[in-house]
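Inside the fold
Each chain is listed here by its residues.
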Amino acid sequence: MIFFDKVIKKYTDRSVGLNGVTLSIEPNEFVSIVGHSGAGKTTLLKMLLAEDNPTSGKVFFESVDIHALKSKDITKLRRRIGIVFQDFRLLPDKTAYENIAFAMEVAGRPDTEIAADVPHILDLVDLNKKAWNFPHELSGGERQRVAIARAIINQPDLLMADEPTGNLDPSNTYEIVQILKRINDLGTTVILTTHNKGVIDSLGKRVVTMEKGKIIRDDSRGKYVL
Amino acid sequence: MIFQNIRRILRWGAIGFMRNGTVSFSSVLVMTIALLMIGSTMLMSTFLHATLDSVEDKIDINVYFSVDAVEEDMTELQRNLEYLATVESVTYVSKEEALVEFKARHENDELTIQALKELDENPLRARLNIKAFSPEQYDSIAAIFNEGSATLQEYDTGFIDKVNYRDNRLVIDRMTNIIDGVEKGGVVITFALILISVLITFNTIRLAIYISKEEIGVMRLVGAGKHYIRGPFIIEGVIYGVVSAIITVVLFYPITLTIKKHTEELFGGIDLFKYYVSNFMEIFLIILVSGIALGAVSSFLAVRKYLKK
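Right, let's walk through the structure included here. (Residues numbered from 1 in each chain as written. Chains lettered and ligands numbered in written order. Predicted model: local features only at pLDDT ≥ 70, side-chain atom pairs only at ≥ 80, totals over all residues. Heavy atoms only, no water.)

**With respect to the overall build of chain A**
The criterion, for reference: Helix numbers and strand numbers start at the N terminus; a helix is a DSSP run of H or I with at least 4 residues, a strand a run of E with at least 2. Here the globule rule is a power law, 2.2 Å times the number of residues to the power 0.38, and the radius of gyration is based on C-alpha atoms. Here the term buried applies to any residue with accessible area under 20% of the maximum for its type, exposed to any over 50%, and partly exposed to those in between, with areas from a 1.4 Å probe on protein chains only. Contact definition: two residues touch when any of their heavy atoms are within 4.5 Å. The accessible surface values rely on the Shrake-Rupley method and a 1.4 Å probe; as for residues, cover is taken only from the protein chains in view. For this count, His and the chain ends are skipped, Lys and Arg are scored as positive, and Asp and Glu as negative. Note that the charge is assigned to NZ on lysines, CZ on arginines, CG on aspartates and CD on glutamates.
Across its full length, chain A carries seven helices and 10 strands. Its C-alpha atoms give chain A a radius of gyration of 17 Å, near enough to 17 Å, the size a compact globule of 226 residues would have. For chain A, the spread of C-alpha atoms along the principal axes amounts to about 50 × 40 × 30 Å. Taken across its 226 residues, chain A has 53% of its residues classed as buried. The long-range share in chain A, meaning contacts at least 24 apart out of those at least 6 apart in sequence, stands at 67%. By element, 49% of the accessible surface of chain A is carried by carbon and sulfur atoms, the whole surface being about 10100 Å². For chain A, the separation between the mean place of its 31 positive charges and that of its 30 negative charges on side chains is 5 Å.

Written out as structure tokens, the structure reads:
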């Protein structure tokens, strides 16, 4: 489904984000990417979203070269990928409900569908009581659940979570990981980057370890080893 | 799909305007000032043109005849003058008419009326009022009445008592110069002010959108198309323009009324308030279109910067 082909990303000659990464991810996989800060985890995700272009190498999403796409097609591709960030990145002027509805609106879904799906997904992440609260009125865990709801509302083929638990306490972390697992069980490919040893060890799924822009380990049932 | 998007863009624009109260307020405030500048320039130039016209209209040459001039001679001179290509009109004012005018002008002045009654005969002189087609033609017309000119030689010496042109001319020249200067200087100053206020408006809107810089990035990552992101910001800019235009035209009521009160005695020419009220729709449209264009273009340019990726 996803294939990184000898991807190199150099910011300057000295600052290298990715140094020859070749990686393939199958549909329905749950892949965790671990590594120290600056190992290249986030850069890898950015390549996949076409937020940034590689210096050399190619990234394929279902055999389509992402970086050869036009701006319009990149927009369409992004609608098939759900993303969750460490810092949530909700739209501050929109309520929890509107943040989730926005993702459906941009995909061109009709109002009737939005009115039916959003309450349902809010229920799923246990936030229907906070539907009309703005992000600044929600706790960190609640915000991250809104972000996840937004990421999965369009039933994406791929969910990318970039250190989603980085700003959360252990109980919220556990909850978020459970939600990600459930999403994966329902058939969505999940890529998770994290620092959290506990999260990785409890998952028992594939672990890719990165260091200095390179993949140094790839274990199909991995533990956190650094 | 398109209508659905347009409806959503309009709705988000309106919601954005309401939710960002402080930002909207300051944008509207700044834009109102810009629109006041544009409106004032329009009103000012109309006002100055009208004043200049009415002052120019007041220029004429008054030829006063001697008390015992014969009426036929005077009307003959009137006819001769009317033949001139430069002369627009020549009005003959007889002694009697001059007396009626004089009485009317001094009707509240008992003493003068009393003094007039004491006199046995009408002390006023008959005259010709000559109007030229354009102000610069008066010099050549006035030259006819210079001593020893060909026209005058046909009449008795002393037939013409006084030509009242030089005196008026001086005052009128000075007025024309002042108005001209004010207009030229005014145009430069108001254009500078308009430019400054437009730039300030643009910057205010740019700052308002700068705050949303990260939001725009998130929208992109969620898969929003460029139009869908840009749309609500442009609608917000348009709303700034509409609200500011309404505030501006409302403010012009007391402004023109005050100007009218202070200037109506100065120049009889134009009532700015009346002009404003009777041309309201036209002025409102110009201000409204300026406001909408200013808001929409500012928003468009400001968002474009963050949409490049």
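**Here's the deal with helix α4 (residues 111-124) of chain A**
Residue and element names in this part refer to chain A. For clarity, the cut-off: In a helix, the anticipated span is given by 1.5 Å times the number of residues less one.
Between its terminal C-alpha atoms α4 stretches 20 Å, which fits the 20 Å expected from 14 residues at 1.5 Å a residue. Those residues of α4 that fall on the buried side of the exposure criterion are Ile114, Val118, Ile121 and Leu122. Backbone geometry just downstream of α4 places aspartate 126 in the positive-phi region, at approximately 60°.

**Some thoughts on the sheet that holds strand β5 (residues 64-65) of chain A**
Our working definition: If DSSP finds at least two bridges between two strands, the strands pair.
Here four strands make up an open sheet; going across it, the order is β2-β1-β4-β5 (chain A) and the pairing antiparallel. If you trace the sheet from one side to the other, it starts and ends with β2 (16-25) and β5 of chain A, each paired once.

**Regarding empty space enclosed by the protein**
What counts is decided by this rule: In this analysis the probe radius is 1.4 Å and the grid spacing 1 Å, with only protein atoms considered; a cavity is a set of points the probe fits into but cannot get out of, a pocket is an open set with protein on both sides within 12 Å along at least five of seven lines, and lining residues have an atom within 4 Å of a point. Grid points are joined across faces, edges and corners, and a volume is the space filled by probe spheres set on the points. Each residue receives one of three labels: charged for Asp, Glu, Lys and Arg, nonpolar for Ala, Val, Leu, Ile, Met, Phe, Trp, Tyr, Cys and Pro, and polar for the others, Gly being one of them.
Counted according to the given criterion, the structure contains three cavities of 30 Å³ or more. Around the largest cavity, the lining residues are Arg78, Arg79, Ile81, Gly82, Ile83, Ala103, Arg150, Ala151 and Asn154 of chain A together with Leu221 and Val222 of chain B. Listed by contribution, the elements that provide at least two residues to the lining of the largest cavity are β6 (81-85) and α5 (140-152) of chain A together with α8 (213-222) of chain B. Looking at side-chain class alone, the lining of the largest cavity contains six nonpolar, two polar and three charged residues. In this structure, the second largest cavity spans a volume of roughly 60 Å³. For the second largest cavity, the full set of lining residues is Thr41, Met44, Ser45, Leu48, Val182, Glu183, Gly186, Val187 and Thr190 of chain B. Contributing elements (two or more residues each) for the lining of the second largest cavity: α2 (21-58) and α7 (166-211) of chain B.

**Focus: unusual backbone geometry**
Residues and elements named next belong to chain A. Here the phi dihedral of glutamate 62 falls at roughly 50°; this positive angle occurs in a residue that is not glycine. By the element assignment, glutamate 62 lies in the loop between β4 (56-61) and β5. Unusually for a residue other than glycine, lysine 212 sits at a positive phi of about 50°. Take lysine 212: it is sitting in the loop between β9 (206-211) and β10 (214-219).

**Things to note about a nonpolar patch on the surface**
Cut-off, in case you're wondering: Patch construction takes residues with relative accessible area above 30% that form no salt bridge. Like charges are linked within 9 Å, and nonpolar side chains (Val, Leu, Ile, Met, Phe, Trp, Tyr) are linked within 5 Å. Criterion for a salt bridge: a side-chain nitrogen of Lys or Arg within 4 Å of a carboxyl oxygen of Asp or Glu.
Together, Ile2, Phe3, Ile6 and Leu10 of chain B give the surface a local cluster of nonpolar side chains, amounting to about 460 Å² of exposed area. Its place among the elements puts leucine 10 of chain B in helix α1 (residues 2-19).

**Examining the interface of chain B and chain A**
Counted only if it meets this: A quick way to say it: buried area is the sum, across both parts, of accessible area lost when two parts are put together, with a 1.4 Å probe. Any N or O atom pair separated by 3.5 Å or less is treated as a polar contact, with the protein-specific requirement of one donor-capable and one acceptor-capable atom, and with residues adjacent in sequence counted only for side-chain atom pairs.
The interface of chain B with chain A comprises 21 residues on the first partner and 26 residues on the second. Buried area between chain B and chain A, summed over both chains or domains, comes out near 2200 Å², and the portion from carbon and sulfur atoms is 54%. Counting across the chain B and chain A interface gives three salt bridges. Aspartate 111 of chain A is the partner of arginine 7 of chain B in a salt bridge, and the nearest nitrogen-oxygen pair spans 2.9 Å. Counting the contacts that link chain B with chain A gives 12 residue pairs in polar contact (both at pLDDT 80 or more). Residue assignment for the side of chain B that touches chain A shows that the elements contributing at least two residues are α1, α8 and α9 (226-263) of chain B. The element contributing the most residues to the side of chain B that touches chain A is α1 of chain B, with seven residues.

**Remarks on the packing of aromatic side chains**
Stated precisely, the cut-off is as follows: Two rings belonging to Phe, Tyr or Trp (six-membered ring only in the last case) form a pair when the distance between their centres is within 6.5 Å. Interplanar angles under 30 degrees mark stacking, angles over 60 mark edge-to-face geometry, and anything in between is tilted. Only lysine NZ and arginine CZ atoms are considered, and such an atom sits over a ring when it is within 6 Å of the ring centre and within 35 degrees of the ring normal.
Counted according to the given criterion, the structure contains 10 aromatic pairs over all chains. Note on tyrosine 253 of chain B and tyrosine 276 of chain B: the rings are 5.5 Å apart at their centroids and 80° apart in plane angle, and the pair reads as edge-to-face. Of this pair, tyrosine 253 of chain B sits in helix α9 while tyrosine 276 of chain B sits in helix α10 (residues 272-278), placing them 23 residues apart in sequence. In this structure tyrosine 253 of chain B comes out as partly exposed when scored by relative accessible area, which is 35%. Tyrosine 276 of chain B gets classed as buried once you look at its relative accessible area, which sits at 0%. Ring centres of tyrosine 253 of chain B and phenylalanine 280 of chain B lie 6.3 Å apart, and the angle between their planes is 45°; this geometry places the pair in the tilted category. Residue tyrosine 253 of chain B is located in helix α9, and its partner phenylalanine 280 of chain B is located in helix α11 (residues 280-306); the two are separated by 27 residues in the primary sequence. Connected via pairs of aromatic rings, a cluster forms that spans Phe252, Tyr253, Phe273, Tyr276, Phe280 and Phe284 of chain B. Over the ring of phenylalanine 85 of chain A we find arginine 89 of chain A; its NZ or CZ atom is 4.0 Å from the centre of that ring.

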